[in-house]
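Take a look at the letters that make up each chain.
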Amino acid sequence: MTTSDRIAESSTGTDTTAEGADSARYADHRETTEGRVYTVSGGDWDDVLTDATESERMVINMGPQHPSTHGVLRLVLEMEGETVTQLRSVIGYLHTGIEKNTEYRTWTQGVTFVTRMDYLAPLSNEMAYCLGVEKLLGIEVPRRAQLLRVLLLELNRLASHFVYIATGGMELGATTAMTLGFREREEVLHLLEHLTGLRMNHAFIRPGGLAQDMPDDWVEQVEAFCKVMDERLPLYDKLFTGQPIWRNRLKGVGYLPVDACLSLGVTGPVLRSAGLAWDLRKVEPYSCYEEFDFEVPTSTEADCWARYLLRVEEMHQSLRIIRQVLDKVEPGPVMVEDKKIAWPAQLSISSDGLGNSLEHVRKIMGQSMESLIHHFKLVTEGFRVPPGQVYVPVESPRGEMGYHLVSDGGTRPLRVHVREPSFVNLQSMPAMSEGGLVADVIAAIASIDPVMGGVDR
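Computed from a predicted structure; not experimentally measured. (Residues numbered from 1 in each chain as written. Predicted model: local features only at pLDDT ≥ 70, side-chain atom pairs only at ≥ 80, totals over all residues. Heavy atoms only, no water.)

## Focus on the side chain of Gln317
What counts, and what does not: Secondary structure elements are defined from DSSP: runs of H or I of at least 4 residues count as helices, runs of E of at least 2 residues count as strands, and each element is numbered from the N terminus. Burial classification: accessible surface area is computed with a 1.4 Å probe over protein chains only, and a residue below 20% of its type maximum counts as buried, one above 50% as exposed, and the rest as partly exposed. Every residue pair with non-hydrogen atoms within 4.5 Å of one another is taken to be in contact.
Topologically, Gln317 is positioned in helix α14 (residues 304-328). Classification of Gln317 by relative accessible area gives buried; the value is 8%. If we skip the residues at most four places from it in the chain, Gln317 touches Phe294 and Glu295.

Shown next as C-alpha cells:
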C-alpha cells in the first residue's frame, strides 16, 4: 500500500481488506504505527473535520456543558477567524423519554410526566395535554376552571420570560439582568406555589379541570403580585431598553426574516419579531382566550433586539390578562361532574397538607363500599378514553406547543407525541449564525430561548 493510500485510508476510516470490511460494520478505524485505532464517538465530528478543508478554518465544540447553550446543547462550529462559516446543532444528551413513559401510565398520570418537558413552562405542557384528553373524551371543562387555567398560564409566561432576560443577559455579560430576572421569577414562583402547592412541575391542570380550587386568599395574592410587577417591569426599560451597549449588542444580530421562519416552522416570539402576528391565543383561541382583550406585539426587525422588546411587551400583556381573569372569574366547580373522570374526585386535604382528610377516609372506608371501590379503580386503573386521535396546540412562551394523542379505547395512551417549539426553533440556529461572529452565536441562542428538556423529550 502506498503512502497516499494510507493517508486516504486514515482520513476516511476505511480498510480495503476483507478483515477491515468486516470490522467496519462495528466501528470506523485507521491503521497507525501502534496498531489499529477504532473511532466509536459518533460520525458527526468526523464529518465536520473532513469538511473543514481550508487551511484557515478550524472546528470547535461549544457545549454540551457550556452555560450559554441553555442546558446540554452542543454546537459544532466551523470558523474562519472569528466568523462562523458552518454551524451544526447536536441534541440528545438529556434523553428523558417522557413521551414513551406516558404510554405506560394512565391518562391522568401522564400529566406528571409532560409537565417536566419544558420545565420553564410546565403549565403549558399540562394545558395542551389535558386539552387533547378532553377533546378525545368529548367533555367541556367548567368555566371557573377555564379562567383559572388562563391565570396560571399567564403567570407561567411571565416566569419563563424573566428567565429569558436573566440567562440571556448573563451570557452577554449583563449580570444585573440575571439578578433582577431571577428576583422577579421568584415572585412568580412564590405565587404559583401558593396557588398550586408547587413552584414547578405542578401537575395541577388535570383532565377535566384542576386538581383543586384556589386558596381562599388567592385574589388578594394575585392583586398584590400585579402591583409589584407594575413597579418592577418599567425598570427593565430603564436598565436595558435604553442602554446603548445592550441595544448595540443585540441589534442586527441573529437576523431571521419571516419567509425563513415559515420555511423552518419557527413560531413564538421569533416569528412575531419577523412581522407575523401569529399567536394561538388569538388565531385559534382556547380556554376562553377569545373573551380577553390583549395585544399581540410584533416587529419587522427580525433580530435579537426585536425579540427582547417583544418579550418585555408580552409580559405587560400577560399582566393585563391576569387582571381580566380576576374580573371574570365566578364561583363554581373546577372539575367536571362526571365521577368516572374527575380525579382526585374532589378530595379534601388533611391539616398537615398531606394525603386525604379524615372525613373522606372515614366515608370511603366505613360508610360506602361503592365509594371505596370507585376510588380504588379510578386511582389505580384510571378512566377509559374513546378510541381516536387528536392534535391540540397552545401558545407556550416559546411558540406553538402541540400534543398529538392517540387512544385505542383503553386507560393508557397508545401514543403521545409533542410538537415542541424549542426543538423546531433550534433549526434556525445555522440561518441566524452562519456568516456572523462567534460571539453573536450566544445572542442568537438566547433569543430563541430553547429549553433542552423539551428538545430531548
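## Some thoughts on the sheet that holds strand β9 (residues 399-407)
Note the threshold: Should DSSP find at least two bridges between two strands, the strands are regarded as paired. Throughout, an axis means a line fitted to C-alpha atoms (over the contacting stretch in the case of helices), and angles, computed between N-to-C directions, take values from 0 to 180 degrees.
The strand order β8-β9-β10 describes an open sheet built from three strands, whose pairing is antiparallel. On the outer flanks of this sheet lie β8 (388-396) and β10 (415-419), each paired with one strand and no other. Each strand of the sheet is rotated relative to its neighbour by a mean of 15°, with strand direction disregarded. Here β8 pairs with β9 via nine bridges, running antiparallel. What sits directly across from Glu395, in β9, is Glu400.

## Section: the packing of helix α7 (residues 143-171) against α14
Note the following rule: These descriptions rest on fixed angle ranges, namely under 35 degrees for roughly parallel, over 145 for roughly antiparallel, 65 to 115 for roughly perpendicular, and the rest for oblique. Crossing handedness is read from the near helix: turned anticlockwise from the far helix by less than a right angle, it gives a left-handed crossing, and turned clockwise, a right-handed one. Gly is put with the polar residues, along with every residue not named as nonpolar or charged; the nonpolar set is Ala, Val, Leu, Ile, Met, Phe, Trp, Tyr, Cys and Pro, and the charged set is Asp, Glu, Lys and Arg.
Running from N to C, α7 and α14 point in directions that differ by 150°, and their axes come no closer than 9 Å. Considering the angle they form, α7 stands roughly antiparallel to α14. Between α7 and α14 lies a crossing whose hand is left-handed. Of the residues contributing to the contact of α7 with α14, the split by class is 16 nonpolar, two polar and seven charged.

## A look at the pairing of β9
Taking burial as the measure, the nine residues of β9 include eight buried ones, the bulk of the element. Connecting β8 to the antiparallel partner β9 that follows it, the hairpin turn spans two residues. Relative to β10, β9 is paired through five bridges, and the arrangement is antiparallel. Residue Leu405 lies in a different strand from β10, and its bridge partner there is Val416.

## Let's talk about α14
We count it as follows: Take the number of residues in a helix, subtract one, and multiply by 1.5 Å to get its expected span.
For α14, built from 25 residues, the straight-helix expectation of 36 Å at 1.5 Å per residue is met to within 8% by its first-to-last C-alpha distance of 36 Å. Counted residue by residue, α14 has 18 buried out of 25 residues, so it is predominantly covered.

## Side note on the nonpolar core
Rules: Here, the term nonpolar core denotes a set of buried Ala, Val, Leu, Ile, Met, Phe, Trp, Tyr and Cys residues that are joined through side-chain atoms within 4.5 Å.
With 88 residues, the main nonpolar core has Leu151 and Tyr403 as its most contacted residues. In terms of residue count, α7 provides more of this core than any other element does, 13 residues in total. Setting aside anything within four residues of it in sequence, one finds Tyr403 in contact with Val114, Met117, Asn125, Ala128, Tyr129, Val390, Tyr391, Val392, Val416, His417 and Val418.

## Overview of the sheet that holds strand β3 (residues 57-62)
Taken in spatial order, the three strands of this open sheet run β3-β4-β5, and their pairing is antiparallel. The open sheet terminates on both sides in strands that have one partner only, identified here as β3 and β5 (83-90). On average, adjacent strands in this sheet sit at an angle of 20° to one another, irrespective of strand direction. Relative to β5, strand β4 (residues 74-80) runs antiparallel, the two sharing seven bridges. For Arg74, the partnering residue across the bridge sits in β5 and is Val90.

## Overview of the packing of aromatic side chains
The line we're drawing: The pairing test for Phe, Tyr and Trp rings, Trp by its six-membered ring, is centres within 6.5 Å, and the orientation test on the planes gives stacked under 30 degrees, edge-to-face over 60, and tilted for anything in between. Charge over a ring is defined by NZ of Lys or CZ of Arg lying within 6 Å of the ring centre and within 35 degrees of the ring normal.
In the structure shown here, the tally under the stated rule is nine aromatic pairs. The interplanar angle of 35° and the centroid separation of 5.6 Å between the aromatic rings of Trp305 and Tyr308 together place this pair among those described as tilted. Here the residue Trp305 and the residue Tyr308 both occupy positions in helix α14, the gap between them amounting to three residues, near one helical turn. Among the residues examined, Trp305 registers a relative accessible area of 6% and is labelled buried. For Tyr308, a relative accessible area of 1% translates into the label buried. Here the aromatic residues Phe162, Tyr236, Phe240, Trp246, Trp305 and Tyr308 are joined through ring pairs into a cluster of three or more. The cationic tip of Arg311 hangs over the ring face of Tyr164; the distance from NZ or CZ to the ring centre is 4.2 Å. Positioned over the ring face of Phe292 is Lys328, at 5.5 Å from the centre of the ring.

Functional significance is not addressed by these values, which are geometric in nature.
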